[in-house]
Amino acid sequence: MQTFDLEAEGLRALNTALHAQNDTTNQTAWEVINPKGSHAIAVGLDAPIEVTVKGSTGYYCGGMNQQATINVHGSVGPGVAENMMSGTVVIEGDASQYAGATGHGGLLVIKGNASSRCGISMKGIDIVVHGNIGHMSAFMAQAGSLVVCGDAGDALGDSCYEAKLFVRGSVKSLGADCIEKEMRPEHIELLKDLLERAGADAKPEEFKRYGSARQLYNFDVDNAAAY
């Protein structure tokens, strides 16, 4: 394992070293110590490596990730795994706002709570939150799945497209054009797989599914006041 002291060696040196890795690297395991809330740790990775951050981070940790597995032993600031393409990002603590924003693929696991706008404009990423999420989560969510083992705040799924939203607890309110939907067998199977991969012990049958009523993005003059 490669151990990198971020306080001593600096962020630029860390990301340069991680970016130098490729599909044939034998330096597959990295440990980052003394992060002390630094921003943009392990961004833009594109190799099948595993990075463990021992402590909390600032904004955009793990952004634009491809292939890598990133595990943060702490909490993260805004925009964790923003625009992620593939791979896995696991947060052992809490996440600030817009976690997983615009993510195209991969799996983001938050073992604590997530703040507002979790999964905003998600485009294929799967997000599993063991705790609660804040308001305006999954706003304009286009594809992928958002799984919440706790409660959801105001305006869940506002103006969403075809993302699948699963909430185990209560939902304070649904956003525009977001409705509760039938939980069919294929959704149970999808949810079971995501919960297992995220290490969550909740049962898929305990969740409700929410999604788009498909009224906003198919124009109808009778709904003109809603646009």
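Values in this document were obtained by computation on a predicted structure and should not be read as measured data.

Asks: I'm lost on the side chain of Ser212 in this one. Help?
Replies: One can find Ser212 in strand β11 (residues 208–212). Overall, the relative accessible area of 2% leaves Ser212 in the buried class. Of the polar contacts made by the side chain of Ser212, one reaches the backbone oxygen of Cys160; its length is 3.4 Å. Of the polar contacts made by the side chain of Ser212, one reaches the side chain of Asp177; its length is 3.1 Å.

Asks: Please explain the packing of aromatic side chains as it appears in this structure.
Replies: One pass over the structure, following the stated rule, counts 1 aromatic pair. With centroids separated by 5.3 Å and ring planes inclined at 75°, the aromatic side chains of Tyr59 and Tyr60 adopt a geometry described as edge-to-face. On the accessibility criterion, Tyr59 (38% relative accessible area) is partly exposed.

Asks: Looking at this model, I keep getting lost on unusual backbone geometry. Mind explaining?
Replies: Most peptide bonds are trans, and most residues other than glycine sit at a negative phi. Backbone geometry at Asn83 places phi at a positive 60°, although glycine is not the residue there. Inspection of the secondary structure assignment puts Asn83 in the loop between β4 (69–72) and β5 (88–91).

Asks: Got a minute to help me understand the pairing of strand β9 (residues 164–167) in this structure?
Replies: Looking along a regular strand, one sees side chains alternate from face to face of the sheet. As paired elements, strand β8 (residues 143–148) and β9 share 4 bridges and run parallel to each other. The residue bridging Ser145 from the neighbouring strand is Lys164, located in β9.

Asks: How do you make sense of the sheet that holds strand β2 (residues 29–33) when you look at a structure like this?
Replies: Ordered in space as β1-β2-β3-β4-β5-β6-β7-β8-β9-β11-β10, the 11 strands form an open sheet in which the pairing is mixed. The outermost strands of the open sheet, each flanked by one partner alone, are β1 (2–5) and β10 (178–181). For this sheet the average axis-to-axis angle between neighbouring strands, irrespective of direction, equals 15°. The strands that helix α2 (residues 11–19) touches are β1, β2 and β3 (50–54); relative to β2, the one it contacts most, it runs at about 175°.

Asks: Help me out: how do you make sense of the side chain of Asp158 in this one?
Replies: Relative to the elements of secondary structure, Asp158 occurs in the loop between β8 and β9. In this structure Asp158 is buried but unpaired, with Arg117 as the nearest side chain of opposite charge at 10 Å. Setting aside anything within four residues of it in sequence, one finds Asp158 in contact with Met136, Ala138, Phe139, Met140, Gly175 and Ala176.

What counts, and where the lines are drawn
- Residues numbered from 1 in each chain as written.
- Predicted model: local features only at pLDDT ≥ 70, side-chain atom pairs only at ≥ 80, totals over all residues.
- Heavy atoms only, no water.
- Helix = DSSP H or I, 4+ residues; strand = E, 2+ residues; numbered from the N terminus.
- Buried < 20%, exposed > 50% of the residue type's maximum accessible area, 1.4 Å probe, protein only.
- Polar contact = N/O pair within 3.5 Å; in protein donor to acceptor, adjacent residues only side chain to side chain.
- Phe/Tyr/Trp six-rings, centres within 6.5 Å; stacked < 30°, edge-to-face > 60°.
- Pairing = 2+ DSSP bridges.
- Axes fitted to C-alpha atoms, helices over the stretch in contact; angles between N-to-C directions.
- Contact = heavy atoms within 4.5 Å.
- Lys, Arg positive; Asp, Glu negative; His and termini not counted.
- Salt bridge = Lys/Arg side-chain N within 4 Å of Asp/Glu carboxyl O.

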